[in-house]
Structures are given as C-alpha cells and as structure tokens.
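Coordinates in review
Each chain, letter by letter, is given below.
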Amino acid sequence: MHIHRLEKIWMVFGVVMLAVFLAVLGVYAFSMGLQTPHSHAYGKVDPEKLAETPPFDQPGVYQVGENEYEAVIIMYAFGFTPNEITVPAGAKVNFVITSSDVVHGFEIVGTTVNLMAIPGEVNVVSYTFDKPGEYLILCNEYCGIGHQAMYTKLVVT
Amino acid sequence: MAQTQTFDRDDAKLVLTHVIFAFVALMIGGIAGMLQGMVRGGMFEMPGGISYYQLLTAHGVLMALIFTTFFIVGFMFSGVSKVTGGKLTSTARGLGWAGFWLMAVGTAIGTVMILANEATVLYTFYAPMKASPWFYVALALVVVGSWLSGAGMIAQYRSWRENNKGKISPLFAYMAVATMVLWYVATLGVAATVLFQFIPWSFGWVDKINVLLSRTLFWYFGHPLVYFWLMPVYICWYVVVPKVIGGKMFSDALARLAFIMFIVFSVPVGFHHQLMEPGITPFWKFLQVILTFAVVVPSLITAFALFATFETTGRAKGYKGLFGWFRALPWKDVRFLGPFLGMVAFVPGGIGGMINASHQMNALVHNTIWVTGHFHLTVATAVAITFFGIAYWLIPAITGRRLTEAVNRLGVWQVSLWAFGILVMSGAMHISGLMGAPRRTSDTTYNGNEIAAQWDPYNLLVAIGGVILFISLIVLAVALVKMFQMPKGETEYPVAEPLQPVEATPRWLERWGVWIGVTAVLIVIAYAFPIADQLFLDPAPGAKGYVLW
C-alpha cells in the first residue's frame with residue numbers, strides 16, 4: 001500500500017503525541033495517586049438496607065487520621081444525608097458516596113470532586129480544600145423531576 | 001462499471017422515505033431543543049405540565065437516535081444502489097422496507113410514550129429509573145429494524161461481489177458495509193441490556209436490575225454509536241466532497257484502512273464514559289482509555305486525506321503558493337460548504353473528545369454542560385451539517401430534479417446559520433461547563449447561589465444559540481419544500497475517482513472475517529473480566545425501579 005511521505009510524518013507525529021498524552025495520564029494515575037474515583041474496601045451495599053449497613057448507618061464527617069477525614073454521604077432523590085457538611089481546610093477528606101435510590105452525580109463546584117453515586121456501589125474520592133469558605137455541592141446526573149433542586153453546601157473552616 | 005443516468009425509481013422511493021422521516025424527527029427534536037434552551041435560560045416556562053426533562057428526552061431520542069439512524073440508512077442505501085449497478089436487488093430493497101417499517105413503528109411507540117410522560121428517562125435511560133416497558137420495546141424495534149436494513153445493504157454488496165469476482169468493491173459500498181458491521185457489533189450491547197434486563201424488569205417479571213451491568217452494556221454500545229454517526233459522514237468527506245470540488249480522492253486504500261480501524265477500535269472503549277463510576281477498577285478504565293486514543297488514528301488519516309485532496313485539487317486548477325489552493329474551493333456551493341463546516345467543527349470536537357477521555361482529567365468535565373457542548377460540535381455539527389449538505393444534492397438527484405441556484409443559496413444560508421448558532425451555543429456550553437455548570441438540569445440557579453450565578457450569562461448565550469439553530473431549521477424546512485418544486489432535470493450523484501487506480505488497493509482490506517475476529521478478540525480482552533465481575537463474580541445487590549418524574 002502506497003503511503004505518501006508527508007502522511008507518514010504526520011501519522012508518526014500523531015501517534016507519538018497520543019503516546020505522550022497517555023504516558024502522562026498513566027504516570028500521574030498509577031504512580032502519583034491522581035486516580036479516577038473508585039471504591040476500595042467498602043464492597044457492595046444493599047441500597048434498601050443502608051440504615052443497617054456500615055458506614056452508611058451513620059452518615060457524617062469523621063476524623064480518621066491525624067489530618068484526614070472521612071465524609072460518609074448518602075444521596076437520594078432529591079437530597080443529601082447529612083444535609084450540610086463541614087470539613088477543616090488543609091485536611092485530606094475522603095468522600096464516601098452511595099445512593100439509596102437512582103443514579104446521582106456528586107459534584108463540588110470548582111473542585112475535581114466529581115463522581116457517580118450508583119445504588120449498590122460505594123464510590124470514593126479524596127480532596128484537600130486549601131481555601132476556607134462555602135462550596136456548592138450539586139447533583140449532576142438527572143434523577144427525576146426535582147433534580148435541579150438537589151444541592152447543598154460544604155463549609156470549609 | 002455500469003451506471004444509469006437517472007436514479008432507480010423504486011430505490012429512490014426507499015431512500016426518500018427514510019430521508020423525509022429523518023427530517024420530520026429533526027424538526028420535532030429541534031423544537032424541543034430550542035425550548036430547552038429557553039427554559040434553562042429562565043426565559044420561558046412550559047405550559048400544560050410538560051417538563052424540561054420530557055423535552056430533553058424527546059430531543060435526545062428524536063435527534064441522536066432517530067434522525068441519525070434514518071438518514072444514515074437512507075443515504076447509505078442510495079450510495080450502495082448507485083455504485084453497485086444503479087439498482088438494488090429485490091432482496092436488498094425488501095429488507096430496506098422491512099427495516100423502515102420496524103423502525104418507524106418503534107419511533108411512533110417511543111414518541112407516544114415520551115409525550116405521555118411515561119418515559120421521561122432521557123435517551124440514555126439509566127436504570128433504575130424505570131420507564132414504561134413499551135418505551136424499551138420501541139427502542140428494540142428501532143434496533144432490530146436497523147439490523148434488517150444493514151442486512152439489505154450487505155445482501156446488495158454480496159451480490160455485486162458474486163457478479164464481479166476478483167474485483168475490489170466500490171468504495172462507497174465497502175464503507176457502508178463497514179459502517180453496518182460496526183453497528184451490528186455495537187448494538188449487541190444495547191440489545192442485551194434492553195432484552196435481558198430492561199424489558200423483563202419493566203414488565204415486572206423480575207423485581208431488581210443490575211445497574212452497573214446495564215450501564216456497562218449501554219456504553220459498550222454508546223461510544224461506537226458515535227462512530228456509527230461519523231462513518232457515513234466520512235463516506236461523504238472521502239467519496240462525495242472530492243468530486244464536488246472537482247478533484248479526486250487522495251487514496252482508496254487508506255480510506256478503507258481508516259474504516260477497518262474504526263471497526264476494530266471503536267467498540268472496546270465504553271469505559272471512558274464511566275471513568276467517574278465505582279465498581280470498575282482503574283486498571284480496566286485505563287486499558288479502555290488507551291484503546292480510545294487508538295481510535296483517534298483513523299481520524300488523523302482522514303484529516304490528512306481531506307486536506308491533501310483540497311490542496312492537490314487547487315494546484316491542479318493552477319492555484320499557487322502555500323495556501324493559494326484554499327481559494328479554489330467552491331465556497332458558494334452548499335454541497336461543499338456544509339461538509340466543510342462539519343470538518344472545521346470536528347477539529348475542536350475531536351480535541352474536546354480527547355480531553356473527555358483523558359482518564360482522571362475527566363473529573364473536570366464529567367456531567368458538566370461542557371460535554372453537551374462537545375457533542376453539539378460533533379454529532380450536531382460535524383455529522384448534522386454534513387447530512388444537510390448531502391440532502392441538497394441527494395434529494396434532487398434521486399427525484400430527477402435540478403438543484404437551482406436559489407435553493408443552493410438558501411442552503412448556504414442555512415448551513416452558515418447552523419454553524420454560527422453552534423458557535424454561540426456550544427462555545428457558551430464549553431465555558432460554563434469548565435466553570436462547573438451541570439448538564440441535564442432545568443434550572444441552574446440553586447436558589448440564588450452566588451457561584452451558580454456566574455453561569456447566567458452563558459445560559460443566556462445557550463438560549464440565543466438555540467434560537468439561531470431553530471431559525472436554521474426553519475430555513476431548512478423551506479428549502480426542503482422548495483426542493484420538490486425545482487424543475488425536472490438532472491443533479492449529479494457525486495462519487496469521486498481515486499488518484500491512483502483501485503487495483504493498488506490491497507485485498508486484505510476486504511477480508512471481513514479477519515477484521516471481525518480481531519475486533520472480537522479486543523472486545524474480549526477489554527470487557528470479559530469486568531463484565532464477569534459485574535455479572536457473577538462480585539455483583540452488587542439489584543435495584544428496584546423508580547418513577548421519579
């Protein structure tokens with residue numbers, strides 16, 4: 001098959017660029033901890049029995065390390081339990097999320113906290129808030145007629 | 001190759017029926033789209049208890065699924081007929097009609113369910129949101145109908161090869177078959193989830209649904225779906241556009257290679273839509289991110305071929321200098337301008353797509369309106385505007401009329417308005433998406449929240465862009481009506497010849513069994529373990545259904 005010389009150059013350039021992009025993403029993800037959200041040790045949960053399933057039997061913010069907190073949150077149509085979340089600035093916060101009904105999306109505007117809440121599954125992402133203040137938490141997956149009213153605030157002290 | 005002067009009348013009827021059906025769906029979906037922009041922008045409230053989310057469901061289903069599928073089937077049947085002797089076999093045409101009726105009945109049932117507010121689940125119908133079972137039955141009918149249409153095209157292709165042993169097939173027919181092969185492989189996922197999960201569950205035969213599995217099967221289909229939209233567009237860019245500008249196709253073999261690469265790489269990539277989800281480990285997500293990037297390669301081949309065609313054509317016409325050939329392009333010809341604007345939109349569209357698929361970087365844009373902006377550049381511009389460009393010659397070519405200068409001028413205005421509307425709307429969506437504004441939300445004020453207030457000006461721009469797009473659709477409707485009043489005569493069905501003789505095209509490109517085999521192996525590598533994990537190794541407890549609208 002005849003391939004034009006300029007096209008060969010173009011293709012090599014393109015494929016090398018793609019490889020570089022992928023290498024950057026891979027190195028950050030797998031050796032520097034900048035990973036996609038995923039559940040670690042929580043296993044699966046029954047969305048109808050969250051009230052008796054740890055850690056969702058007691059949603060809230062807990063200190064789990066010297067400067068590390070865990071925010072256990074249940075999303076439901078159309079709200080959050082607990083409704084208001086307060087965490088300290090400069091501390092690592094692990095958001096542990098599930099849904100008790102349909103699929104929701106947990107987004108803290110202006111941050112990289114953006115993950116899906118799926119009934120039966122537990123999702124986890126970590127974030128450190130540098131600046132104190134009020135943040136907007138909203139549901140970013142369509143969950144029914146009240147979806148646009150599903151939001152709350154996060155206070156960083 | 002025997003080619004008849006006028007388009008076969010029976011084939012024309014089949015093609016025209018598909019194209020008109022597609023445009024009716026487009027108009028209804030377009031009205032819904034414009035109203036959505038106004039509602040979200042806070043300028044308008046829907047009367048009669050019709051919700052934003054109902055409009056959104058209608059918009060997505062009618063435009064992304066119905067308009068595209070009907071137009072693609074009609075366009076590809078027309079080209080297959082044109083290049084394989086000018087007449088479909090009765091088997092091929094019969095399968096085409098059977099496919100049409102199944103899809104049309106499916107569309108009708110689905111539309112009624114959406115209008116009745118029985119299926120306000122958006123076009124992605126994520127479980128455990130539960131629509132009327134008839135909505136899922138309707139979707140199944142559309143898919144099965146498209147399978148019959150694909151069988152018709154393949155039957156025609158096989159009969160050509162029987163009668164032309166040893167010859168390389170006409171490029172248009174080859175590309176149409178490649179598109180349908182991709183479609184068969186891709187729709188296995190959506191067919192599996194609809195038939196084995198959604199239908200039994202929505203009828204109440206089973207209580208619970210495996211949510212993660214349904215999402216995985218949906219996105220197994222959902223990403224190649226976008227290539228099912230794109231490949232017919234590439235047919236136009238490779239086969240039609242060079243002829244329209246008075247040139248030749250750059251390379252027959254590389255065009256075929258690009259289509260084979262789409263089949264091989266576009267299926268095992270669905271996890272890049274699920275990067276922010278639990279239940280799939282980062283390893284499997286990243287593996288599919290790599291494969292997602294591989295599917296960029298055929299688009300790079302295409303970009304080179306198109307601009308090489310433009311340049312060689314311009315130089316052959318005597319234009320000189322580094323970019324002098326640019327002036328040789330027929331800017332006032334809608335048959336060129338439509339697809340060209342599509343190519344332009346596909347540059348930022350493709351770049352945005354790579355950003356979306358960039359593993360952890362997806363967290364910045366996932367489920368924000370940036371994503372909506374992205375696919376309005378790709379499917380709603382690169383694809384839709386190319387289809388508009390096709391319609392201006394396809395309809396007169398098959399109905400035996402001559403495209404008049406007046407209708408061509410309307411077309412130039414129409415596609416220009418469309419491109420401008422998209423620039424305004426999609427641009428605003430990209431910016432406010434980066435600022436965090438969510439997609440699929442009727443009102444983003446969050447009770448006067450200050451952070452959300454920053455999105456207001458962009459919501460206004462989205463609404464304005466939507467109105468401009470709707471005006472473009474009105475112009476299109478006028479042009480379509482005028483097309484049936486144009487004088488009898490001839491309009492060319494443009495099919496370009498390659499620069500080099502097709503004999504140079506290697507025969508291994510036509511060995512479908514091999515390529516489908518390679519595709520299957522990649523799919524097994526990318527999906528076997530994650531699906532086994534979700535299905536029986538470690539499934540989550542099932543979810544019951546919810547009707548929350």
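One can find the structure itself at the top, above this paragraph.
A few points on the structure. Residue positions within a chain follow its written sequence, with the count starting from 1. Following the order in which they are written, the chains are lettered starting with A and the ligands numbered starting with 1. With pLDDT at 70 or above as the cut-off, local features in this predicted model cover only qualifying residues; side-chain atom pairs require 80 or more to be listed or tallied, and sums for whole chains, interfaces and linings still use all residues. Excluded from the side-chain calculation are hydrogens and water; included are all heavy atoms of the structure.

**Some words on the side chain of S81 of chain B**
Residue and element names in this part refer to chain B. Mapping S81 onto the fold places it in helix α2 (residues 52-83). Note on exposure labels: buried denotes an accessible area under 20% of the residue type's maximum, exposed denotes more than 50%, and partly exposed covers the range between, all computed with a 1.4 Å probe on protein chains only. Given the relative accessible area of 1%, S81 is considered buried. Two residues qualify as a contact provided that any one of their heavy atoms is within 4.5 Å of a heavy atom in the partner residue. Ignoring anything within four residues of it in the chain, the contact list for S81 reads F7, D11, G86, K87 and L88. By definition, any uninterrupted DSSP run of H or I lasting at least four residues is a helix, any uninterrupted run of E lasting at least two residues is a strand, and each is numbered from the N terminus.

**Digging into the side chain of T386 of chain B**
Residues and elements named next belong to chain B. By the element assignment, T386 lies in helix α11 (residues 369-399). One polar contact links T386 to W237, side chain to side chain, over a distance of 3.1 Å. Contact partners of T386, with chain neighbours within four places excluded, come to V233, C236, W237, G338, P339, G342 and T381. The term polar contact refers here to a pair of N or O atoms within 3.5 Å; inside protein, the definition further demands a hydrogen-donor-capable atom paired with an acceptor-capable atom, and it admits residues adjacent in sequence only when both atoms are side-chain atoms.

**Digging into the interface of chain A and chain B**
Interfaces are often described in size by the accessible area the parts lose on coming together. Residue-level contacts link 62 residues of chain A with 73 residues of chain B. Accessible-area loss on putting two parts together, using a 1.4 Å probe and summing over both, is the definition of buried area adopted here. Buried area between chain A and chain B, both sides added, is near 5,500 Å², and the carbon and sulfur share of it is 71%. On the chain A side of the interface with chain B, the three residues burying the most area are M1, L25 and Y142 of chain A, jointly 13% of the side's total. Just to be clear on terms, a salt bridge is a Lys or Arg side-chain nitrogen sitting within 4 Å of an Asp or Glu carboxyl oxygen. Linking chain A with chain B are two salt bridges. For the salt bridge of E48 of chain A with K208 of chain B, the shortest nitrogen-to-oxygen distance reads 3.5 Å. Where chain A touches chain B, the interface holds 20 residue pairs in polar contact (both at pLDDT 80 or more).

**Quick word on unusual backbone geometry**
Cis rather than trans, the peptide bond between P54 of chain A and P55 of chain A has omega equal to 0 degrees. Among the structural elements, P55 of chain A can be located in the loop between α1 (5-31) and β1 (60-65). A77 of chain A connects to F78 of chain A through a cis peptide bond whose omega is 5 degrees. Look at F125 of chain B: it is not a glycine, yet its phi comes out positive at around 35 degrees. With respect to the helices and strands, F125 of chain B occurs in the loop between α3 (90-115) and α4 (133-163). Of note in the backbone geometry, R440 of chain B takes a positive phi value of approximately 55 degrees without being a glycine. Looking at where R440 of chain B falls in the secondary structure, it is placed in the loop between α12 (405-434) and α13 (450-453). The buried category is assigned to R440 of chain B, whose relative accessible area is 9%.

**As for the sheet that holds strand β7 (residues 114-117) of chain A**
Residues and elements named next belong to chain A. An order of β4-β10-β9-β6-β7 is seen for the five strands of this open sheet, with the pairing classed as mixed. Strand pairing shows two members of the sheet lacking a second neighbour, β4 (85-87) and β7, which therefore form its edges. For this sheet, the mean angle separating the axes of adjacent strands, direction not counted, is 25 degrees. The pairing criterion for strands is at least two bridges between them, as found by DSSP. In this sheet, strand β10 (residues 151-156) lies alongside strand β9 (residues 133-139) in antiparallel orientation, the contact comprising six bridges. Bridge pairing links I137 to T152 in β10. Lines fitted to C-alpha atoms define the axes, with helix axes restricted to the stretch in contact, and inter-axis angles between N-to-C directions lie between 0 and 180 degrees.

**Concerning the packing of aromatic side chains**
Working definition: an aromatic ring pair is given by the centre-to-centre distance plus the angle between the planes. All names here are of chain B. Stacked, edge-to-face and tilted are the three classes for Phe, Tyr and Trp ring pairs, Trp counted by its six-membered ring, which pair at centre distances within 6.5 Å; planes under 30 degrees apart are stacked, over 60 edge-to-face, the rest tilted. Considering all chains together, one arrives at 66 aromatic pairs over all chains under this definition. Residues F70 and F100 carry aromatic rings whose centres are separated by 5.8 Å and whose planes lie at 85 degrees to one another, so their mutual orientation is edge-to-face. Within this pair, whereas F70 is found in helix α2, its partner F100 is found in helix α3, the two being separated by 30 residues in sequence. Across the pair, exposure class does not vary: F70 and F100 are buried alike. Geometrically, the ring pair formed by F125 and F135 is edge-to-face, given 6.4 Å between the ring centres and 80 degrees between the ring planes. In this pair, F125 sits in the loop between α3 and α4 while F135 sits in helix α4, placing the two residues ten residues apart along the sequence. Like F125, the residue F135 is buried in the burial classification. By way of ring pairs, the aromatic residues F125, Y126, F135, Y136, W183, F198, W201, F218, W219, F221 and F228 are connected into one cluster.

**Comments concerning the packing of α2 of chain B against α4 of chain B**
Residues and elements named next belong to chain B. Two numbers describe how α2 lies on α4: the axes approach to 10 Å, and their chain directions differ by 15 degrees. In terms of their interaxial angle, α2 and α4 are classed as roughly parallel. By crossing handedness, the relation of α2 to α4 is classed as left-handed. Only F135, L139, V142, S146, S149, G152, M153, Q156 and W160 of α4 make contact with α2, whose side of the interface consists of V61, L65, I66, T69, V73, M76, F77, V80 and V83. Along the lines of polarity and charge, the residues of the contact of α2 with α4 split into 13 nonpolar, five polar and no charged. Geometric relationships in this document are graded by angle, where less than 35 degrees denotes roughly parallel, more than 145 denotes roughly antiparallel, 65 to 115 denotes roughly perpendicular, and other angles denote oblique. Take the far helix as the reference: if the near one is turned anticlockwise from it by less than a right angle, the crossing is left-handed, and if turned clockwise, right-handed. Under the convention adopted here, Pro, Cys and the residues Ala, Val, Leu, Ile, Met, Phe, Trp and Tyr are nonpolar, Asp, Glu, Lys and Arg are charged, and Gly plus all remaining residues are polar.

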